[in-house]
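Take a look at the letters that make up each chain.
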Amino acid sequence: MNKERKKLSSSTKMLIGLVLGILAGLVFGEKVRIIKPFGTLFINLLKMCMIPIIFTSITLAVSQVKDFKQFGRIGGKMLAMFMVTTTLAAIAGTTLGKLIKPGSRFIGNAAIGEVAVAETPSVANVLLSIVPTNPIKAMANDSLLAVIFFAIMLGVSLILIEEKKDPAVNVLNSLFEAFMTMVKICLKYAPIGVFALMADLTGTLGIEVLKPLAYFFTAEYIAMLFQIIVVYGALLF
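1. Some details on the pattern of salt bridges
Line of reasoning, step 1. Going through the model one piece at a time under the given rule, you end up with 1 salt bridge.
Line of reasoning, step 2. With a shortest N-O distance of 3.7 Å, R33 and D200 are connected by a salt bridge. On the criterion of sequence distance, the pair formed by R33 in the loop between α1 (10-28) and α2 (36-63) and D200 in helix α8 (residues 190-205) is long-range, its members being 167 residues apart.
Line of reasoning, step 3. For R33, a relative accessible area of 41% gives the class partly exposed.
Line of reasoning, step 4. A relative accessible area of 12% means that D200 is categorised as buried.

What follows is the structure in structure tokens.
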């Protein structure tokens with residue numbers, strides 16, 4: 001009796017791509033840089049899906065609120081929660097960065113010189129930058145806060161036009177489903193993209209780059225676990 005072969009999960013395929021990429025980089029060295037565009041292509045595919053999904057999902061979520069007063073209450077709680085969780089995440093990230101110092105262990109062939117410190121923008125300029133003068137340009141420039149603000153404004157406007165919003169909401173629903181399907185298609189390419197990225201990284205910088213990467217990912221996962229278990233856990237209970 002023929003047994004059905006179990007299909008490998010996407011995460012397993014990416015892990016295999018990562019390991020094979022490291023081995024390819026060690027074996028072929030800098031010659032492997034020829035496949036770097038395949039890794040860049042994977043990153044570009046993910047970026048291509050990011051803004052459309054954020055825009056459509058937020059607009060849909062806001063537009064489907066029936067009670068406008070309820071939206072105000074929910075919006076206030078969401079804003080407060082966002083501010084609290086973001087602040088705690090920043091504190092956790094900064095603390096772990098100072099303790100583990102993952103960045104100090106990275107190596108590279110870039111020359112170290114004087115670093116020009118950019119002028120800190122004023123609070124007024126930061127707030128004004130959230131309101132896009134051109135929403136399409138904000139999407140093209142990956143200005144997330146501006147895109148989110150525009151999506152919320154569009155969602156609120158759809159609430160106010162009541163029944164007339166239905167055709168627009170149907171289009172947004174279809175677009176959201178299409179974008180999510182697009183992500184699934186792009187993720188099928190992930191093992192190849194991860195293989196190319198790791199091969200280029202290891203082939204260019206050598207095996208020494210893996211140790212600082214391990215420190216970096218350790219710090220990252222500790223911070224994420226703190227955020228999920230401690231911060232979000234406290235909010236749930």
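2. With respect to the environment of M180
Line of reasoning, step 1. Within the secondary structure, M180 sits in helix α7 (residues 166-187).
Line of reasoning, step 2. For the pair M180 and C49, spaced 131 residues apart in the sequence, the C-alpha separation amounts to 8.2 Å.

3. Focus on the layout of surface pockets
Line of reasoning, step 1. Put simply, the largest pocket is a space of about 840 Å³.
Line of reasoning, step 2. Secondary structure elements with two or more residues in the lining of the largest pocket: α2, α3 (68-100), α4 (123-130) and α6 (144-160).
Line of reasoning, step 3. Examining the composition of the lining of the largest pocket, we find that 7 residues originate from one element, α3, more than from any other.
Line of reasoning, step 4. Its residues assigned to classes, the lining of the largest pocket shows 19 nonpolar, 1 polar and no charged.

4. Section: the packing of α2 against α8
Line of reasoning, step 1. It is the contact of α2 with α8, at a shortest axis distance of 7 Å, that shows an interaxial angle of 130 degrees. On the basis of their axis angle, the class for α2 and α8 is oblique. Helix-helix and strand crossings are classified by hand; for α2 and α8 the assignment is left-handed. Contacts between α2 and α8 involve K36, F38, G39, T40, F42 and I43 from the former and A190, G193, V194, A196, L197 and D200 from the latter.

5. Some thoughts on the nonpolar core
Line of reasoning, step 1. Counting residues in each nonpolar core, the largest one holds 11 residues, listed as I22, F42, L45, C49, I53, F179, C186, Y189, A190, V194 and M198.
Line of reasoning, step 2. If you list the elements that add at least two residues to this core, you get α2, α7 and α8.
Line of reasoning, step 3. The element contributing the most residues to this core is α2, with 4 residues.
Line of reasoning, step 4. Among residues more than four places away in sequence, those in contact with F179 are P52, I53 and T56.
Line of reasoning, step 5. Core analysis: the next-biggest nonpolar cluster, separate from the first, contains 10 residues, I51, F55, V169 and L172 among them.

6. Considerations on helix α9 (residues 210-236)
Note that an α-helix has 3.6 residues per turn; residues three or four places apart therefore point the same way.
Line of reasoning, step 1. Compared with the 39 Å implied by 1.5 Å per residue over 27 residues, the 37 Å span of α9 between its first and last C-alpha is a close match.
Line of reasoning, step 2. The sharpest bend along α9 measures roughly 25 degrees and falls at Q227.
Line of reasoning, step 3. Taken as a whole, α9 has its buried residues at P212, L213, A219, Q227, V231 and G233.

7. Focus: the confidence of the model for the protein
Detailed reading of the predicted coordinates is not advisable wherever pLDDT falls low.
Line of reasoning, step 1. For the protein, mean pLDDT is 83; residues scoring 70 or higher make up 89% of the total.
Line of reasoning, step 2. Within the protein, the lowest mean pLDDT, 80, falls on α3, and the highest, 93, falls on α7.

8. Things to note about the packing of α2 against α7
Line of reasoning, step 1. The interhelical angle for the contact between α2 and α7, taken along N-to-C directions, is 155 degrees, at an axis separation of 9 Å. In terms of orientation, α2 and α7 fall into the roughly antiparallel class. The two elements α2 and α7 meet at a crossing, and its hand is left-handed.
Line of reasoning, step 2. Taken together, the residues that form the contact of α2 with α7 break down as 19 nonpolar, 5 polar and no charged.

Basis of the calculations
Residues numbered from 1 in each chain as written. Predicted model: local features only at pLDDT ≥ 70, side-chain atom pairs only at ≥ 80, totals over all residues. Heavy atoms only, no water. Salt bridge = Lys/Arg side-chain N within 4 Å of Asp/Glu carboxyl O. Helix = DSSP H or I, 4+ residues; strand = E, 2+ residues; numbered from the N terminus. Buried < 20%, exposed > 50% of the residue type's maximum accessible area, 1.4 Å probe, protein only. 1 Å grid on protein atoms, 1.4 Å probe; cavity = no way out; pocket = protein on both sides within 12 Å on 5 of 7 lines; lining within 4 Å. Points joined across faces, edges and corners; volume = space filled by probe spheres on them. Nonpolar A, V, L, I, M, F, W, Y, C, P; charged D, E, K, R; others polar. Axes fitted to C-alpha atoms, helices over the stretch in contact; angles between N-to-C directions. Parallel < 35°, antiparallel > 145°, perpendicular 65-115°, else oblique. Left-handed = near helix turned anticlockwise from the far one by under 90°. Contact = heavy atoms within 4.5 Å. Core = buried A, V, L, I, M, F, W, Y, C linked by side-chain atoms within 4.5 Å. Expected span 1.5 Å × (residues − 1). Bend = angle between axes of the 7 residues up to and from the residue. pLDDT = per-residue confidence, 0-100.

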